[in-house]
Amino acid sequence: MNNADKAPRCKNCNHCKQIGRMQTQQRRLGRKKYYCEHPKVRRVTNNSFVGFGAMGYESPLTLKTAKRWCPLKEAGES
Ligand code: SF4
């Protein structure tokens, strides 16, 4: 297993929570919004926003990696 396999990914992380959707006009469904709720996130950033979901009802997170400030990178856990 190389380092890339062990790297945290928001997509598969238990700390990644979907909270709300974007507001849109014309009654279209907005993209979902995702935030990091790791207990240490407030120590590393004031903005825990992770990213937007794709267009569509399910709207899965589009980010393929983790945030630069990911607390798991610092701790070396996953
Ligand atoms: S930033 Fe790190 S801890 Fe937060 S959701 Fe993404 S992978 Fe998980």
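A few points on the structure. (Residues numbered from 1 in each chain as written. Predicted model: local features only at pLDDT ≥ 70, side-chain atom pairs only at ≥ 80, totals over all residues.)

### Concerning the overall build of the chain
Rules: Secondary structure is summarised from DSSP: a helix means a run of H or I of at least four residues, a strand means a run of E of at least two, and numbering begins at the N terminus for each. Residues with at least 20 other C-beta atoms within 10 Å of their own are called buried, those with 12 or fewer are called exposed, and the rest are partly exposed. The C-beta atoms themselves are positioned from the backbone. What counts as a contact is two residues whose backbone-derived C-beta atoms lie within 7 Å of each other.
Across its full length, the chain holds three helices and three strands. Beginning at the N terminus, the succession of helices and strands in the chain can be written as α-β-β-α-β-α. Across the 78 residues in the chain, those meeting the buried criterion constitute 17%. Of the contacts made within the chain by residues no fewer than 6 positions apart, 39% connect residues no fewer than 24 positions apart.

### As for the sheet that holds strand β1 (residues 16-21)
Here is the rule: A pair of strands is treated as paired once DSSP finds two or more bridges between them. To get an axis, fit a line to the C-alpha atoms, keeping to the stretch in contact for a helix; angles then go from 0 to 180 degrees between the N-to-C directions.
On the basis of which strands lie adjacent, the open sheet formed by three strands has the order β1-β2-β3 and antiparallel pairing. The sheet is open, and its two borders are formed by β1 and β3 (49-52), each paired with just one other strand. Here the average twist between neighbouring strands, direction ignored, is 30°.

### Points about the nonpolar core
The line we're drawing: A set of buried Ala, Val, Leu, Ile, Met, Phe, Trp, Tyr and Cys residues, joined through C-beta atoms within 7 Å, is what we mean by a nonpolar core.
Counting eight residues, the largest nonpolar core is built from C10, C16, Y34, C36, V50, L61, A66 and C70. When neighbours within four sequence positions are excluded, C16 is seen to be in contact with C10, Y34, C36, V50 and L61.

### Focus on unusual backbone geometry
Even without a glycine there, the phi angle at Q26 is positive, about 60°. Tracing the backbone through its elements, the reader meets Q26 in the loop between β1 and β2 (32-36). The class for Q26 is exposed, based on 4 C-beta atoms found within 10 Å. Of note, R27 is a non-glycine position whose phi angle comes to about 55°, a positive value.

### Describing the pairing of β2
Of the two faces of β2, only the one carrying K32, Y34 and C36 is buried; K33 and Y35 on the other face are not. Strand direction decides the pairing type here: β1 and β2, joined by four bridges, are antiparallel. Within the sheet, the bridge partner assigned to C16 lies in β2 and is C36. In terms of strand pairing, β2 meets β3 through three bridges, oriented antiparallel. Residue pairing across strands places Y35 opposite F49, the latter belonging to β3.

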